[in-house]
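# Breakdown of the fold
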Amino acid sequence: MKLETERLILKEIDESYTDDILKIRSNSYINQYVKRNSPKNNYEALEFILHIKNKRRNSEMLFWGISFKDQRNLIGTICLWNFSDDRQTAEVGYELLPDYHKKGIMSEALQGVLKFGFEGLNLQTILAYTHQSNEASQSLLLKHHFILEEGKKDNKNSENVIFRLSRT
């Protein structure tokens, strides 16, 4: 499943993107805001890709690599996952290499995924969990009309805040 925006292609990833996934998921700047086991080598990046492919096959997750239309390499990722049992709610997650920050790239990718989620999947609500200190991520969510869920806590990471966007 591929999504296109003005400048970007959001595409399924496979084993051929191992180097890109290693570069993105092991980036220290990105990881300051994310609690995860980052891959330390290509083998661990490949394991992650196979894990994603399995989740996608089981309809548990939609995961796209982000690249410019005229380039093959990935510069980030974006996903819809953690679907509710009734498939009315999902969580969006994203990451972008720092060299591409503040260029409207993630905003463009997010807009495409939100449209797909609401129109293509008929979601009613999309949630976003982001680190309380990640001002850029919070600004991105507010720009796209997400609302901070005051008082809601992420049981898996107490440093996260939760945003919600409901279908209009």
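Definitions and limits used
Along each chain, numbering runs from 1 in the same order as the chain's sequence is written. In view of the model being predicted, local features appear only for residues whose pLDDT reaches at least 70, and side-chain atom pairs are presented and counted only at 80 or more, with totals across whole chains, interfaces and linings using the full set of residues. Values shown for side chains rest on all heavy atoms present in the structure; no hydrogens or waters enter the calculation. Runs of E in the DSSP output that reach at least two residues are strands. Runs of H or I that reach at least four are helices, and both are numbered from the N terminus. Only protein chains enter the accessibility calculation, which uses a 1.4 Å probe. A residue is then buried if its area is under 20% of the maximum for its type, exposed if over 50%, and partly exposed in between. All accessible-area figures derive from a Shrake-Rupley calculation using a 1.4 Å probe, and residue coverage is judged against the displayed protein chains alone. Residues counted as positive are Lys and Arg, residues counted as negative are Asp and Glu, and His and the chain ends are not counted. Working definition for charges: the position is that of NZ of Lys, CZ of Arg, CG of Asp or CD of Glu. Throughout this description, the term salt bridge denotes a Lys or Arg side-chain nitrogen within 4 Å of a carboxyl oxygen of Asp or Glu. Interaxial angles span 0 to 180 degrees and are taken between N-to-C directions of axes, which are lines fitted to C-alpha atoms, for helices over the stretch in contact. In what follows, roughly perpendicular refers to angles from 65 to 115 degrees, roughly parallel to angles under 35, roughly antiparallel to angles over 145, and oblique to any angle outside these ranges. The criterion used for residue contact is that any of the two residues' heavy atoms lie within 4.5 Å. DSSP bridges decide pairing: two strands pair if at least two such bridges lie between them.

The next thing to look at is the overall build of the protein chain. From N to C terminus, the protein chain includes five helices and eight strands. In the protein chain, the order of α-helices and β-strands from amino to carboxyl end is β-β-α-α-α-β-β-β-α-β-α-β-β. Principal-axis analysis of the C-alpha atoms gives the protein chain an extent of 40 × 30 × 30 Å. Within the protein chain, the proportion of its 168 residues that are buried is 48%. Carbon and sulfur atoms form 46% of the exposed surface of the protein chain, whose accessible area is close to 9,400 Å². If the 24 positive side-chain charges of the protein chain are averaged to one point and the 23 negative ones to another, these points end up 1 Å apart.

On to the pattern of salt bridges. In this structure the tally under the stated criterion is eight salt bridges. Put simply, K55 and E60 hold a salt bridge, and the shortest N to O gap is 3.2 Å. Owing to a relative accessible area of 24%, K55 belongs among the partly exposed residues under this scheme. Linking R164 and E149 is a salt bridge whose minimum nitrogen-to-oxygen distance equals 3.0 Å. Here E149 lies in the loop between β7 (147–148) and β8 (160–166) and R164 lies in strand β8, a separation of 15 residues in the sequence. Among the residues examined, R164 registers a relative accessible area of 25% and is labelled partly exposed. Beyond isolated ion pairs, a larger network of salt bridges with shared partners links R25, R36 and E95.

Of note in this structure, R87 is not a glycine but carries a positive phi near 60 degrees. Summarising the element assignment, R87 is placed in the loop between β4 (76–81) and β5 (89–96). One non-glycine residue, H145, lies in the positive phi region at around 70 degrees. The residue H145 is located in the loop between α5 (135–143) and β7 in this model. Taking relative accessible area as the criterion, H145 reaches 62% and is therefore assigned exposed.

Two packed helices can be described by the angle between their axes and the distance between those axes. Put simply, helix α1 (residues 18–25) and helix α3 (residues 42–57) touch, their axes get as near as 8 Å, and they point 100 degrees apart. In terms of axis orientation, α1 runs roughly perpendicular to α3. Here T18, D19, I21, L22 and R25 of α1 lie close against α3, whose contacting residues are N42, A45, L46, F48 and I49.

With mixed pairing, eight strands are arranged side by side in an open sheet as β1-β2-β3-β4-β5-β6-β8-β7. Whereas interior strands pair on both sides, the edge strands pair on one side only; in this sheet they are β1 (3–4) and β7. Relative to strand β6 (residues 125–131), β5 is paired through four bridges, and the arrangement is parallel. Directly across from V92, in β6, lies its bridge partner A128. Seen against the sheet, helix α4 (residues 105–120) touches β1, β2 (8–11), β3 (61–68), β4, β5, β6 and β8 and runs at an angle of roughly 25 degrees to β4.

Function cannot be inferred from these measures alone, as they are strictly geometric.
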